[in-house]
Amino acid sequence: MDRDFPELPGLGVQLRQMLRVLVRRLPWLVVITALSAIAAFVYSSSKPSTYQASANLVYQPEETTSALIGSVGGSAVATPIPTATDPTVALNTLAVLATGSDMQDRLSRIVGPIDGSLSVTQTPQTKILTLTVTGHNPARLVREVNAWTGAIVAARRSTARASVRSAIALVQSELNSRSVVRVADPATLQSLQRELQDLRISEAVQQSDVSVADSARLPLPQVGPNTGKDTAIGLLAGLLVSLIVIIVVEVLDRTLRTPEDIEDAWKVPILATIPPSAPQSVGLEFHDRTSIEAFRHLQAGLTLTNDLTRRLKVVLVSSPSPEEGKTTVAVGLAVSLAASGHRTLLIDFDRRHRRVSQLLEVPGEGLARVLAGQASVNDEIRQLQINVAGRGDHTGTLNVLGGLGPSDGPFTLYPSATLRDLFASLDFDYVVVDTAPLLPVSDTWPALPHADGVVIVQRVNHSRRDAAKLALEGLNRSGATVLGVSVMVPRSLLGYGYGYGYGYGYGEEESNGSRASLRRKPAYSR
């Protein structure tokens with residue numbers, strides 16, 4: 001039984017975008033991560049070797065001494081000697097004693113300035129306390145930790161003996177007071193004297209309630225630096241930093257880096273991806289096979305729209321900003337249409353640069369004279385013979401109308417109504433108009449409402465997202481129909497599925513190569 005699973009198009013798109021960003025920024029990711037790992041390795045390798053010296057203390061409370069001191073002369077007497085307590089509490093007390101400032105001062109008087117760092121740990125469910133000194137001099141570390149354990153044992157012994165001496169003073173005081181007032185019976189006095197003697201013996205033999213179980217010995221284990229661990233941490237830190245850097249750069253970067261970025265910015269399909277060889281190939285010597293196929297792809301998209309959805313005649317080719325390749329696309333599209341047998345007119349509408357007129361070597365002010373009423377369209381059109389060799393010989397004629405005159409105000413030179421009448425009067429299958437950029441100048445805007453569609457040209461790694469947004473808003477306000485985007489891709493993207501390859505041969509033409517040439521004919525004659 002088939003099951004319908006819910007799709008997550010938004011999540012899929014986001015994941016693809018993230019993967020594209022990571023692939024595009026992969027050099028950043030690799031370089032930052034590698035530098036971080038190398039820095040961590042070098043830093044870790046440059047650190048001196050670190051060692052640890054450890055010794056164990058065992059807590060052993062003396063029950064008998066405490067019991068003896070707990071009763072004096074058969075009566076309850078308060079003493080400062082503690083009875084046996086919970087080992088955990090006692091060990092915690094020992095840990096505080098071991099790391100206290102008094103103990104460190106005592107240790108400094110024994111061994112001099114402490115070279116390593118001191119730490120105390122308690123082994124769970126035992127009466128063992130582990131003392132550790134970490135530093136760089138193994139012999140000195142052994143001396144320090146062993147002196148540390150000895151100082152703790154001596155301090156606990158001194159504390160115990162001080163408690164016994166306090167008990168002796170208490171018994172002695174009791175004995176003196178009874179002797180002075182002579183109210184005690186002889187048996188009580190003898191008992192106090194015996195207990196006083198026992199306490200003095202206990203003081204002489206009193207031991208500490210902690211003892212050394214294991215002393216530190218050479219050689220010591222090396223605990224640092226852990227170069228492998230440090231390098232791994234540096235690698236992970238570098239990966240995290242590189243991801244943060246990539247995210248910040250992507251947020252701040254307004255450049256359109258991939259065809260997908262351009263398609264997302266314009267919300268229209270990509271009609272064709274134009275290879276980087278096209279600007280050098282288009283013109284009188286149009287011979288690059290990949291470029292020819294790219295323009296055929298663009299032509300196929302437009303003719304399909306013409307057949308299925310609407311009648312396309314006047315197609316404007318423009319871009320938001322200069323240097324995005326619109327003239328290359330306009331000329332290449334016009335050549336492809338003419339070579340396919342369509343009656344095609346190419347108009348140079350960018351009067352500030354007149355690149356089409358310069359590229360195809362036609363008079364540069366033909367359109368200006370037509371709009372001024374000084375000449376007819378037929379008088380100013382020039383014909384170029386098209387010869388395309390690639391998948392069979394295609395011969396046709398490309399009609400070219402030269403550009404406008406010097407800039408003296410767009411609306412006084414070509415008002416919108418005049419452009420509307422001009423486009424309506426042109427008797428061609430297709431009219432391809434190379435316009436000025438949309439944002440820097442206003443020359444193109446009067447022609448937009450009278451065109452059947454607009455092809456936008458964008459260049460990867462050059463076009464800006466904010467420029468695309470402004471241009472799209474203006475096109476929507478003008479009522480223009482954006483047919484799609486033609487994307488100029490750099491050579492670095494040709495191996496990632498952008499561009500057109502050739503897996504099929506074309507007989508003899510395959511070995512001879514592909515060539516398209518534009519040869520000028522005499523001026524247009526009826």
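Since the model is a prediction, treat every value here as computed from it, not as a measurement.

(A) Region of interest: the pattern of salt bridges. Evaluation of the coordinates by the stated rule reveals twelve salt bridges. Note that Arg-140 is salt-bridged to Glu-144, the shortest N-O span being 3.1 Å. Remark: Glu-144 and Arg-140 occur in helix H6 (residues 138-181); sequence separation between them is four residues, near one turn of the helix. In this structure Arg-140 comes out as partly exposed when scored by relative accessible area, which is 22%. For Glu-144, a relative accessible area of 0% gives the class buried. Of the charged contacts, one joins Arg-343 and Asp-427 as a salt bridge, the two residues approaching to 3.6 Å between their closest N and O atoms.

(B) Structural view of the packing of helix H2 (residues 26-46) against helix H8 (residues 227-252). Closest axis-to-axis distance for the H2/H8 pair is 7 Å, and the angle between their directions is 150°. Here H2 lies roughly antiparallel to H8, going by the angle between them. The handedness of the crossing between H2 and H8 is right-handed. The class makeup of the residues in the contact of H2 with H8 is 14 nonpolar, nine polar and one charged.

(C) Local environment of the confidence of the model for the protein. Per-chain confidence: the protein averages 79 in pLDDT, with 79% of residues scoring 70 or above. In this model, residues 64-84 is a region of pLDDT below 50 whose contacts with residues beyond four sequence positions or in other chains number 28 contacts.

(D) Quick look at helix H4 (residues 87-99). With 13 residues, H4 extends 18 Å from end C-alpha to end C-alpha; this agrees with the ideal 18 Å at 1.5 Å per step. Taken together, the buried positions of H4 are Ala-90, Leu-91, Leu-94 and Ala-98. For H4, the buried positions fall inside an angular range of 95° around the axis, keeping them on one side.

(E) Broad picture of the environment of Lys-127. Inspection of the secondary structure assignment puts Lys-127 in the loop between strand S4 (117-122) and strand S5 (128-135). Note: C-alpha distance between Lys-127 and Thr-88 (39 residues apart in sequence) is 7.5 Å. Beyond its immediate sequence surroundings of up to four residues, Lys-127 is in contact with Leu-57, Val-58, Tyr-59, Pro-87 and Leu-91.

(F) Summary view of the pairing of strand S10 (residues 314-318). Of all five residues making up S10, five are buried, and the element is well covered by its neighbours. Side chains Val-314, Leu-316 and Ser-318 of S10 all project onto a buried face; the interleaved residues Val-315 and Val-317 project onto the opposite face, where all are buried too. With four bridges connecting them, S10 and strand S14 (residues 430-434) associate as parallel partners. Residue pairing in the sheet places Val-315 in a bridge with Val-432 of S14. In terms of strand pairing, S10 meets strand S15 (residues 453-459) through four bridges, oriented parallel. Each residue of the ladder has a partner; that of Leu-316, found in S15, is Val-454.

(G) Focus on the nonpolar core. Membership of the largest hydrophobic core comes to 39 residues, with the highest contact counts inside it found for Trp-266, Ile-347 and Leu-426. Residue contributions to this core peak at four residues, all from helix H18 (residues 465-478). With near-sequence residues (within four places) excluded, Leu-426 lies in contact with Lys-313, Leu-345, Ile-347, Val-377 and Val-431. Of all hydrophobic cores here, the second largest spans 34 residues; its members include Leu-298, Leu-333, Leu-337 and Leu-398.

Rules used throughout
One numbering rule holds for all chains: residues counted from 1, following each sequence as written. Since the coordinates come from a predicted model, pLDDT governs what is reported: local features require at least 70, and pairs of side-chain atoms require 80 or more to be given and counted, while whole-chain, interface and lining totals use all residues. Calculated side-chain values reflect all of the structure's heavy atoms, with hydrogen atoms and water omitted. Here a salt bridge means any side-chain nitrogen of Lys or Arg lying within 4 Å of a carboxyl oxygen belonging to Asp or Glu. Only DSSP runs of H or I reaching four residues or more are called helices, and only runs of E reaching two or more are called strands; each is numbered from the N terminus. We call a residue buried when its accessible area falls under 20% of the maximum for its residue type, exposed when it is over 50%, and partly exposed in between, using a 1.4 Å probe and counting protein chains only. Axis definition: a line fit to C-alpha positions, over the contact stretch in the case of helices; interaxial angles, taken between N-to-C directions, run 0 to 180 degrees. What sets the label is the angle itself: under 35 degrees gives roughly parallel, over 145 gives roughly antiparallel, 65 to 115 gives roughly perpendicular, and the rest give oblique. A crossing counts as left-handed when the near helix is turned anticlockwise from the far one by less than a right angle, and as right-handed when that turn is clockwise. Throughout this entry, Asp, Glu, Lys and Arg are counted as charged residues, while Ala, Val, Leu, Ile, Met, Phe, Trp, Tyr, Cys and Pro are counted as nonpolar. The remaining residues, Gly among them, count as polar. For every residue, the predictor reports its confidence as pLDDT, a number between 0 and 100. Any two residues whose heavy atoms approach within 4.5 Å at even a single point are treated as in contact. Helix span, as expected, comes to 1.5 Å for every residue beyond the first. Comment: arc refers to directions from the helix axis out to C-beta atoms. Pairing between two strands is assigned when DSSP locates at least 2 bridges connecting them. What makes a nonpolar core is a set of buried Ala, Val, Leu, Ile, Met, Phe, Trp, Tyr and Cys residues whose side-chain atoms join them at distances within 4.5 Å.

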